[in-house]
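The primary structure of each chain is shown beneath.
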Amino acid sequence: MRVVEVTAYGGPEVLRMAHRPEPEAGAVPGEVRVKLKATTVNKADLAIRAGEYADVMPDLKPPFVLGFDFVGRLLDPAPGLAAGQRVAGFVPWFQRPGRGTYAEVITVDPVWLAPVPDEVDVVDAASVPFSSQAAHQALEHLALPEGSVVFISGASGVVGRFAVQHAAERGLRVIALSHEGGEGELKVLGAEHVVRRDGPEVVVAEVLRHAPEGVHGVFDPARMADPLLAVVKDGGVFIAGHESSVPEAERDIRTHAFSTASDGARLKEILERVAERRLTTQVADVLPLEEAAEGHRRAESGGRLGRIVLVM
Ligand SMILES: NC(=O)c1ccc[n+]([C@@H]2O[C@H](COP(=O)([O-])OP(=O)(O)OC[C@H]3O[C@@H](n4cnc5c(N)ncnc54)[C@H](OP(=O)(O)O)[C@@H]3O)[C@@H](O)[C@H]2O)c1
């Protein structure tokens, strides 16, 4: 089967197509095989490829395979799912480093799997699992009651867009930080107020203009970190997009990052909402798997809203 390997830590050019033996049924005890139709380029893929995790994973040496999201067909039956069923999910890559989804066939724990409704096409389905579950779990970590005010940075990004929609669905009042030109869309998705991207001081002042006493919580996928703490009320909560961007706690504000758990049952509900058009996803580009390096280049060059999807 074809895989895309990270052949050395470095720029997108280190990604190369290679051939590896296809896993056989039962090759990994407790796991089932999925024949992939698509995967994606996530922020974490870029960081891993560039070697940002090399120190914390010294045993992982190139060549290895990247990738979190997958959509495809089950080759083996799984509890509640027949062979041939269309499924999606994400592999918790950091728990199984090097065994990613830039591959034609992978093995997965059945608890990560959700059936893909007929109404959701392969490309949209691929863009959903990791980012939507990250956003959903960020809101659980915020643990704010209905009617609370939350500020979401990076709201025009893939995780941020899901967070705005999940937050509005939970009855939170959302102030969202928008990409230039994205203001109208974020209001349609459920934001009560939209603040345009600017320097941290301007952003803080704008948030406080909409919420003069401060917000109850922040979710920070844009990793703006410390300066944003100024918008949080005493005793509020700040959920960082990444462990490198957790502000130092002050004024009894709870601050922490989190690691997204792969949960097929949660993903099933999310994909049903996508099928019913109650939740929207955004895809920036679709490329063949063999152009993974180009996908990484495009993701790194920025300015593209939506997930880059790689199809097999
Ligand atoms: N904890 C977890 O388990 C987990 C899981 C998945 C993702 N994440 C994290 O979630 C974050 C977002 O991922 P994503 O896939 O949504 O990325 P994305 O699509 O690239 O979105 C990032 C957004 O942040 C904005 N942004 C970046 N720097 C900014 C700044 N200094 N000020 C204001 N806005 C800024 C970008 O705005 P522009 O478009 O204007 O550049 C973009 O809209 C990443 O940090 C990722 O690591 C965490």
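So, how was this worked out
Residues numbered from 1 in each chain as written. Predicted model: local features only at pLDDT ≥ 70, side-chain atom pairs only at ≥ 80, totals over all residues. Heavy atoms only, no water. Pairing = 2+ DSSP bridges. Helix = DSSP H or I, 4+ residues; strand = E, 2+ residues; numbered from the N terminus. Core = buried A, V, L, I, M, F, W, Y, C linked by side-chain atoms within 4.5 Å. Buried < 20%, exposed > 50% of the residue type's maximum accessible area, 1.4 Å probe, protein only. Contact = heavy atoms within 4.5 Å. Polar contact = N/O pair within 3.5 Å; in protein donor to acceptor, adjacent residues only side chain to side chain. Axes fitted to C-alpha atoms, helices over the stretch in contact; angles between N-to-C directions. Expected span 1.5 Å × (residues − 1). Salt bridge = Lys/Arg side-chain N within 4 Å of Asp/Glu carboxyl O.

**With respect to the sheet that holds strand β4 (residues 64-65)**
And then number 1: If you trace the 3 strands from one edge of the open sheet to the other, you get β2-β1-β4, paired in antiparallel fashion. What marks the edges here is a single partner per strand, and that holds for β2 (15-19) and β4.
And then number 2: Pairing between strand β1 (residues 2-6) and β2: 5 bridges, direction antiparallel. Across the sheet, the residue bridging to V6 is L15, located in β2.

**A short note on the nonpolar core**
And then number 1: In this structure, V34, W93, Y102, V108 and L113 are the most contacted members of the largest nonpolar core, which totals 42 residues.
And then number 2: Residue contacts for V108: discarding those within four places in its chain leaves G30, E31, V32, V34, F70, V91, R96 and L113.
And then number 3: Core analysis: the second largest hydrophobic core is formed by 40 residues, A176, L186, I270 and A275 among them.

**Brief notes about the side chain of E5**
And then number 1: In this fold, E5 is placed in strand β1.
And then number 2: Of the polar contacts made by the side chain of E5, one reaches the side chain of R20; its length is 2.9 Å.

**Observations concerning the sheet that holds strand β10 (residues 173-178)**
And then number 1: An order of β11-β10-β9-β12-β13-β14 is seen for the 6 strands of this open sheet, with the pairing classed as parallel. Either end of the sheet is taken by a strand with one partner, and the two such strands are β11 (193-196) and β14 (254-256). On average, each strand axis in the sheet is tilted by 20° relative to the strand beside it, whichever way the strands run.
And then number 2: Bridging between strand β9 (residues 149-152) and strand β12 (residues 215-220) involves 3 bridges; their strand directions are parallel. Each residue of the ladder has a partner; that of F151, found in β12, is V218.
And then number 3: The strands touched by helix α3 (residues 129-142) are β9, β12, β13 (232-240) and β14; relative to β13, the strand with the most contacts, the crossing angle is about 155°.
And then number 4: Together, β9, β10 and β12 form the strand contacts of helix α4 (residues 158-169), whose direction differs from that of β9 by roughly 170°.

**Focus: helix α7 (residues 264-275)**
And then number 1: Across its 12 residues, α7 extends 16 Å between first and last C-alpha, which sits within 8% of the 16 Å expected from 1.5 Å per residue.
And then number 2: Burial in α7 covers these residues: G264, R266, L267, I270, L271, R273, V274 and A275.
And then number 3: Buried residues in α7 make contact with β6 (86-90), β8 (114-115), α3 and α4.
And then number 4: Once α7 ends, the next one or two residues include R277, with phi positive near 60°.

**Description of the pattern of salt bridges**
And then number 1: Inspection of the entire model under this criterion finds 25 salt bridges.
And then number 2: Across the pair E213 and K233 runs a salt bridge whose closest N-O atoms are separated by 3.8 Å. Of this pair, E213 sits in the loop between α6 (200-210) and β12 while K233 sits in strand β13, placing them 20 residues apart in sequence.
And then number 3: With its nearest N and O atoms 2.8 Å apart, the salt bridge here joins D234 to R251. Remark: R251 occurs in the loop between β13 and β14 and D234 occurs in strand β13; sequence separation between them is 17 residues.
And then number 4: When its relative accessible area of 58% is taken as the criterion, D234 is described as exposed.
And then number 5: Members of the salt-bridge network, linked through shared partners, are D285, E294, R297, R298 and R304.

**Section: the pairing of strand β5 (residues 69-74)**
And then number 1: For β5, the buried fraction is high: 5 of the 6 residues fall into the buried class.
And then number 2: Where strand β3 (residues 32-41) lies against β5, 4 bridges are found, and the strand directions are antiparallel. By the bridge assignment for β5, K35 is matched with R73.
And then number 3: Two elements, β5 and β6, share 5 bridges in a ladder whose sense is antiparallel. Directly across from G72, in β6, lies its bridge partner V87.

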